[in-house]
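# Fold and geometry: a report
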Amino acid sequence: MELCLGNTYTRLDLPVVYPAACNDAATTAGAISGAQHASTTSTAGTADLWRHWLNTCLTTHLNCRPAERDVQSFVPKRLIEILQDEHGEYSIWRLVCYPVDEDTQYLTLSHRWGSFQPTRLDKKTIHEFTNPASVLKLPKTYQDALVVARELGFRFIWIDSLCILQDEDNKQDWEEQSELMGSIYGHAVCNIAATWASDGRDGCFSTNDPFGREPTRITLNPDLDRRSKSTSSQQYHLWQQDSYYEDIIASPLNQRGWVVQERYLSRRQLNFAKRQIYWECHELMASEQFPAGLPRIGWGSRTFRRMVDTLSKPCLDGLQIRQTWADLVNLYSHCRLTKESDKLVAISGLAREVGSMTKDVCIQGLWKKDFYQQLCWDAIPVEGFGSITTGRRNAPTWSWANIDGPVDIPRAYSEKNANAVPWMEVVEWPDPEDSTSRVGLRGIVLPHTSIQILDRQLRMHFREDFDPYSSWKHWIEVFIHWDEQTASGPLIQQELSEVEAGTRDRSEFRFFMVFGYTSSERCCDGLLLQLHSAGERKEYIRIGIFYALVSLGNDMKALRNHLGARLEYHPSEIEHYLDLNDPRLAELVETVYIV
């Protein structure tokens, strides 16, 4: 659409405006004719553009070549082969088991099962599936994926429900193949994403207004800008900055937990969204509207910022792996899983890749290196998730994987300059493979005789003998973020109210300090624990986190003054060093076991 403005000032309530040259510098001339693109009402009619993106990536993208070189030979246990019928049409499919050629190239499919149960492989159908059959017997999404594969020149494709045995009474094949998800998607030439489809009946392709995929252009007269020295009119494009978020990030497919690692680990992805198709690889993010690359300006704040800043496919960044992992956990925790027991399984492929890059061990979703920096993850109440509940269903309470809802990894872990120092040590490491495994931590527990609840704030009164060097009695105010949330507030608040009223034993709760900051608006972060079992070794469950801010005044300064007086050095040294073995801290140091 062309819109010319004259010499009068006109206010336009339109999206982002940027020079047309930003997207015209690199064109896709020869990839797809303008006439064909403009007249196409279905995303199925833009195959020339898909081929252009793939061929350009394979032959010219420098950032994608290292990924190609690093891929070793791998072929999945089973693949779907696309065959010709007697008329030369690719309308036949069959299951191929144990492909012989290790260099076989194949594509993968990311799709959403939804409420619709797709055609599935099991012990009864495996022999039937090895015989050639019509693609018309497959769900619409599978049919479309096979069309895409053939249009791109590929004979094989991997689809989860057709390539993994789905028998409920025998999980061996599913467990083996789920462990290989990282390799399956990482070795595929490209991943086809049925992004807009709610289930297998919708398909990959959509029908829409072809002109809605064309950039809106406006021509501005230079007289509108008295500061401009140009004497000729300039053309600008208008772009809805949230289109990528709405089409991709908020799509039905990307609400599915398994898709996170499928998208991260695949080398390239072709996204079939509702309004248009998007391409993602390590060097380029493009769409039908912007085939040479999405604009580098005007991204909404809700989008995945670190991904769109580089305008490349989300992937594991070895240089910023901590930030990448923190972003990944946050993104993954917003997604849904059909089976809660898949919480850590559905991200295990990514965990293995990160572990191989960092030479680290993943323990129930947390990394062994700098373990303390990850313990104070934050559960985020979000509308639409209902209650955020715990209960050691899928992971220990000290792991973010136990939360059914969004979480944030502490910036002490994700940011290089967070300046966090540990105020605790691990005395018993949990079993990485055991979801019931406990962790033993030794550190400072804040002593208190009473508490007051002030909404999300909580005041604790130090016990009277906390500072033997003065008659000082002091309140310390901390902010509480609860792990269990409902619309009416934290589930644990009633129990704390009983402690406040003196009708419940305060020793049931522990305020365990995890780390302090040397320079930050926050003074310290810690875990709020509740007694779970009182055996030989008391075991606790995590019920939230607490933190104190410098802006609250002298609360944490008072604590540091006290610790400094006990240890006979300046309170500022508390920020850099704390020896838990010092006998003068004996009454403050405890060992807690968290399950």
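Just so it is clear, the model here is predicted, and its values are computed rather than measured.

As a further point, take the overall build of the chain. Secondary structure assignment for the chain yields 17 helices and 29 strands. Classification of the 595 residues of the chain by burial places 54% in the buried group. By sequence separation, contacts in the chain at least 24 residues apart represent 69% of the contacts at least 6 residues apart. Carbon and sulfur atoms form 48% of the exposed surface of the chain, whose accessible area is close to 26,900 Å².

Before going further, it helps to spend a moment on the packing of aromatic side chains. As enumerated under the stated definition, the model contains 15 aromatic pairs in all. Both rings, one in Trp 325 and one in Trp 367, keep their centres 5.3 Å apart while their planes meet at 75 degrees; by these two values the pair is edge-to-face. Taken together, the positions of Trp 325 in helix H13 (residues 321–333) and Trp 367 in strand E15 (residues 366–367) put the pair 42 residues apart, joining distant regions of the chain. Trp 325 gets classed as buried once you look at its relative accessible area, which sits at 2%. On the basis of relative accessibility, which here comes to 1%, the residue Trp 367 falls in the buried class. With a centroid separation of 6.1 Å and an interplanar angle of 70 degrees, the aromatic rings of Tyr 372 and Phe 515 are classed as edge-to-face. Placement of Tyr 372 in the loop between E15 and strand E16 (378–379) and of Phe 515 in strand E26 (residues 509–517) is noted, with a sequence separation of 143 residues between them. Of the residues examined, Tyr 372 reaches a relative accessible area of 13% and is grouped as buried. A relative accessible area of 0% means that Phe 515 is categorised as buried.

Right, let's talk about the side chain of Gln 364 for a bit. On the secondary structure map, Gln 364 appears in the loop between strand E14 (362–363) and E15. Reaching out from Gln 364, the side chain makes a polar contact with the backbone oxygen of Pro 432 at a distance of 2.8 Å. When sequence neighbours within four positions are dropped, the list of residues in contact with Gln 364 reads Leu 344, Asn 394, Ala 395, Pro 396, Trp 398, Ser 399, Asp 431, Pro 432, Glu 433, Asp 434 and Ser 435.

With that settled, the discussion passes to the state of the cysteines. Defined simply, a disulfide is a covalent bond joining two cysteines at their sulfur atoms. Applying the stated criterion to the full structure yields zero disulfides. Between Cys 97, a free cysteine, and Cys 163, which holds the nearest cysteine sulfur, the sulfur-to-sulfur gap is 8.7 Å.

End to end, helix H3 (residues 47–60) covers 20 Å across 14 residues, agreeing with the expected 20 Å (1.5 Å per residue, within 8%). At its buried positions, H3 is contacted by helix H6 (140–151), strand E11 (269–272), strand E12 (277–280) and strand E13 (285–287).

Time to look at the pattern of salt bridges. Side chains carrying opposite charge are able to pair once their charged atoms draw close together. Per the counting criterion, the structure on display carries 24 salt bridges. Across the pair Arg 275 and Glu 246 runs a salt bridge whose closest N-O atoms are separated by 3.2 Å. Residue Arg 275 is located in the loop between E11 and E12, and its partner Glu 246 is located in helix H10 (residues 243–249); the two are separated by 29 residues in the primary sequence. When its relative accessible area of 39% is taken as the criterion, Arg 275 is described as partly exposed. Here Arg 322 makes a salt bridge to Asp 370, at a shortest N to O gap of 2.1 Å. Residue Arg 322 is found in helix H13, and its partner Asp 370 is found in the loop between E15 and E16; the two are separated by 48 residues along the sequence. Judged by its relative accessible area of 28%, Arg 322 falls in the partly exposed class. One network of salt bridges, with partners in common, ties together Glu 428, Arg 438, Arg 537 and Glu 539.

What follows concerns helix H11 (residues 257–265). Counting buried residues along H11, nine of its nine residues qualify, which places the element largely inside the surrounding structure. Of the positions making up H11, those classed as buried are Gly 257, Trp 258, Val 259, Val 260, Gln 261, Glu 262, Arg 263, Tyr 264 and Leu 265.

Take the nonpolar core next. In this structure, Leu 270, Trp 325 and Trp 400 are the most contacted members of the largest nonpolar core, which totals 107 residues. Sequence-distant contacts of Trp 325, that is, excluding residues within four places in its chain, are made with Ile 347, Ala 351, Val 354, Gly 365, Trp 367, Trp 400 and Tyr 413. Of all hydrophobic cores here, the second largest spans 23 residues; its members include Ile 444, Ile 480, Met 513 and Leu 578.

The next point concerns the pairing of E12. Here E12 shows no split at all, with Ile 277 and Trp 279 on one side and Tyr 278 and Glu 280 on the other all buried. Strand direction decides the pairing type here: E11 and E12, joined by four bridges, are antiparallel. What sits directly across from Gln 269, in E12, is Glu 280. Alignment of E12 against E13, held across three bridges, turns out to be antiparallel. By the bridge assignment, Tyr 278 is partnered in E13 with Ser 287.

Reading guide: rules and limits
Residues numbered from 1 in each chain as written. Predicted model: local features only at pLDDT ≥ 70, side-chain atom pairs only at ≥ 80, totals over all residues. Heavy atoms only, no water. Helix = DSSP H or I, 4+ residues; strand = E, 2+ residues; numbered from the N terminus. Buried < 20%, exposed > 50% of the residue type's maximum accessible area, 1.4 Å probe, protein only. Contact = heavy atoms within 4.5 Å. Areas by Shrake-Rupley, 256 points an atom, 1.4 Å probe, with all protein chains shown as cover. Phe/Tyr/Trp six-rings, centres within 6.5 Å; stacked < 30°, edge-to-face > 60°. Polar contact = N/O pair within 3.5 Å; in protein donor to acceptor, adjacent residues only side chain to side chain. Disulfide = S-S within 2.5 Å. Expected span 1.5 Å × (residues − 1). Salt bridge = Lys/Arg side-chain N within 4 Å of Asp/Glu carboxyl O. Core = buried A, V, L, I, M, F, W, Y, C linked by side-chain atoms within 4.5 Å. Pairing = 2+ DSSP bridges.

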